[in-house]
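Notes for the structure review
As a plain string of letters, each chain reads:
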Amino acid sequence: MHNIPFSNLFRPEILQMKAYQVADSSNLIKLDAMENPYNWPENLQQQWLEALKNCPLNRYPDPQANKLSHLIKQQNQIGSDIEILLGNGSDEIIQLLLMALNDNASILAPHPGFVMYHQIALSLGLRYINQPLLTENFDLDLTGMLESIEKYDPAIIFIAYPNNPTGNLFNDDDIKMLLKNSNGLIVVDEAYAPFANASFIHELDNFPNLLIMRTVSKLGLAGLRLGYLLANPFLIEQFDKIRLPYNINCLTQATAEFALTHQALFDHQSQQICKDREIMMQNLRAIKGLMPYPSAANFILFKSLVKPAEEIFKALLDDGILIKNMSKQGGILHNCLRVTIGKEDENMAFIDSLKKIMSI
Ligand SMILES: *Cc1c(COP(=O)(O)O)cnc(C)c1O
């Protein structure tokens, strides 16, 4: 390391990190990243392009994105006692949350969980504690969580609800127990809310240490990069101080404003995805040697009981289908793969290929 120029300038944890890897998906059926597979009807696209014409690209965007913030609060029926902060994706919000903490702060999250919590905590040199989920059903190990709270007094606990990559909703009474017993903040990450029919948003008034994080990515606007955080005004005020001005560009603001006024389209698409998720689940259950796990999100995690996950992943790729191999993370994810719910024909192509692979 010492003979590489400038390496001494960097913190050791940065030198040891790997950048977030995204698989090349060109010419593949893309079922790896929890994207909504549908685009918009032609007439809506035209209306959207018209709306974009009004974006003054020579000017900086509204630094507070007031109109959009207001719209989001209104749509979620958020009262004046709760504030909002927008991020360039919820990934940026995770970064803001962690950047504001004391150097000696600990972060606690269930494992397996969303990798960015760990990645960003690492990049900031914060202590990160993985709390293993119960192996039988991927639910929270409440006793273990409470013990870790006692032991590490985490400044922030991340709870993805539903969880990625397992797809399940944790027991809501367990989450309330954590809220009651933690001195720190609990971020309930509702990235998959459109598919879950469950939310902690109505608990905001009951727990001052609760923060709700959401994103429009999984809803159908992954290309926009827009996430938001809802919490009590004091907390939002602190995080807002380290948010870079103009983090939400004017094209994103205008597009999100436009899209959110066409919520019915997204609701319709989400319902379709939920229906297709049930069909996908039945099809996976019918394939011998696979064990799919229940999901309240737009993806399904499944374990291979006979063939190595890597072999299945590669054989699917040979058939032009990209999913996510979770097996490398080890532990309870050993031999697990994650498939995103796509369009009907994409899902069928995946199932047909998988049937063939599992029968060889
Ligand atoms: C995808 C995902 C996010 C990231 O959302 P962006 O807004 O696209 O950055 C956050 N949390 C979880 C649990 C996710 O799965």
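Per the secondary structure count, the protein chain includes 13 helices and 13 strands. If you line up the protein chain on its principal axes, its C-alpha atoms span 60 × 55 × 55 Å. Burial analysis of the protein chain (360 residues in total) assigns 51% to the buried set. Here the contacts in the protein chain between residues at least 6 apart in sequence split such that 71% fall between residues at least 24 apart. As presented, the protein chain carries roughly 17,800 Å² of accessible surface, and 52% of it is formed by carbon and sulfur atoms. Each charge sign in the protein chain was given a centre, from 29 positive and 39 negative side chains, and these centres are 4 Å apart.

Before going further, it helps to examine the side chain of R338. By the element assignment, R338 lies in strand β13 (residues 336–340). No salt bridge is formed by the buried R338, whose closest oppositely charged neighbour, D32, lies at an N-O distance of 6.6 Å. One polar contact links the side chain of R338 to the main-chain carbonyl oxygen of D32, over a distance of 3.1 Å. One polar contact links R338 to N164, side chain to side chain, over a distance of 2.9 Å. In contact with R338, not counting residues within four places along its chain, are L31, D32, M34, N164, P165, F299, I300, L301, I323, K324 and M326.

In this section: the pairing of strand β2 (residues 83–87). Taken across its five residues, β2 has four buried, putting it largely inside the fold. Of the pairings in the sheet, the one linking β2 to strand β8 (residues 227–231) comprises five bridges and is antiparallel in character. Along β8, the bridge assignment pairs L85 with L229.

We now examine the sheet that holds β13. Pairing within the open sheet is antiparallel, and its four strands lie in the order β9-β10-β13-β12. Sheet topology places β9 (290–292) and β12 (324–325) at the edges, where each strand pairs with a single neighbour. On top of the sheet, helix α13 (residues 344–359) reaches β9, β10 (299–304) and β13; it is set at about 0° to β10, its chief contact.

Our next topic: the site of the ligand. Residues in close proximity to the ligand total 13 residues, the closest being D189, Y192, T215, S217 and K218. At 3.0 Å, a backbone N or O of D91 approaches an oxygen atom of the ligand. Residue K218 places a side-chain N or O atom 3.1 Å away from an oxygen atom belonging to the ligand. The protein chains hide 94% of the 390 Å² of surface that the ligand would expose on its own. Residue assignment for the shell around the ligand shows that the elements contributing at least two residues are α4 (90–99) and α8 (217–221). Class assignment for the residues of the shell around the ligand results in four nonpolar, five polar and four charged.

Position of P112 relative to the elements: it lies in the loop between β3 (106–111) and α5 (115–123). For the pair P112 and L133, spaced 21 residues apart in sequence, the C-alpha to C-alpha distance is 7.0 Å. Discounting chain neighbours no more than four positions away, the residues touching P112 are L133, N163, N164, P165, T166, I332 and L333.

Nonpolar side chains collect at one region of the surface, where F6, L9, F10, I14 and L15 lie side by side and expose about 500 Å² of accessible area between them. Residue I14 is classed as partly exposed on the basis of its relative accessible area, which comes to 31%.

Right, let's talk about the packing of aromatic side chains for a bit. For the structure shown, the criterion picks out ten aromatic pairs. When the ring of W40 is compared with that of W48, the centres are 5.7 Å apart and the planes differ by 75°; the resulting orientation is edge-to-face. When the centroid spacing of 5.2 Å and the interplanar angle of 75° are considered together, the rings of Y192 and F299 count as edge-to-face. Of this pair, Y192 sits in the loop between β6 (185–189) and β7 (210–215) while F299 sits in strand β10, and the two are 107 residues apart along the sequence. Residue Y192 is classed as buried on the basis of its relative accessible area, which comes to 3%. Residue classification places F299 among the buried residues on the basis of a relative accessible area of 0%. One aromatic cluster is present, formed by W40, W48, F258 and F266 through successive ring pairs. Here the basic side chain of R338 rests over the ring of F299, its NZ or CZ set 5.9 Å away from the ring centre.

Conventions we followed
- Residues numbered from 1 in each chain as written.
- Predicted model: local features only at pLDDT ≥ 70, side-chain atom pairs only at ≥ 80, totals over all residues.
- Heavy atoms only, no water.
- Helix = DSSP H or I, 4+ residues; strand = E, 2+ residues; numbered from the N terminus.
- Buried < 20%, exposed > 50% of the residue type's maximum accessible area, 1.4 Å probe, protein only.
- Contact = heavy atoms within 4.5 Å.
- Areas by Shrake-Rupley, 256 points an atom, 1.4 Å probe, with all protein chains shown as cover.
- Lys, Arg positive; Asp, Glu negative; His and termini not counted.
- Charge placed at Lys NZ, Arg CZ, Asp CG, Glu CD.
- Salt bridge = Lys/Arg side-chain N within 4 Å of Asp/Glu carboxyl O.
- Polar contact = N/O pair within 3.5 Å; in protein donor to acceptor, adjacent residues only side chain to side chain.
- Pairing = 2+ DSSP bridges.
- Axes fitted to C-alpha atoms, helices over the stretch in contact; angles between N-to-C directions.
- Near = heavy atom within 4 Å.
- Nonpolar A, V, L, I, M, F, W, Y, C, P; charged D, E, K, R; others polar.
- Patch = residues over 30% accessible without salt bridge, like charges linked within 9 Å, V, L, I, M, F, W, Y side chains within 5 Å.
- Phe/Tyr/Trp six-rings, centres within 6.5 Å; stacked < 30°, edge-to-face > 60°.
- Lys NZ or Arg CZ within 6 Å of the ring centre and 35° of its normal.

Interpretation note: all reported values are geometric properties and have no functional meaning in isolation.
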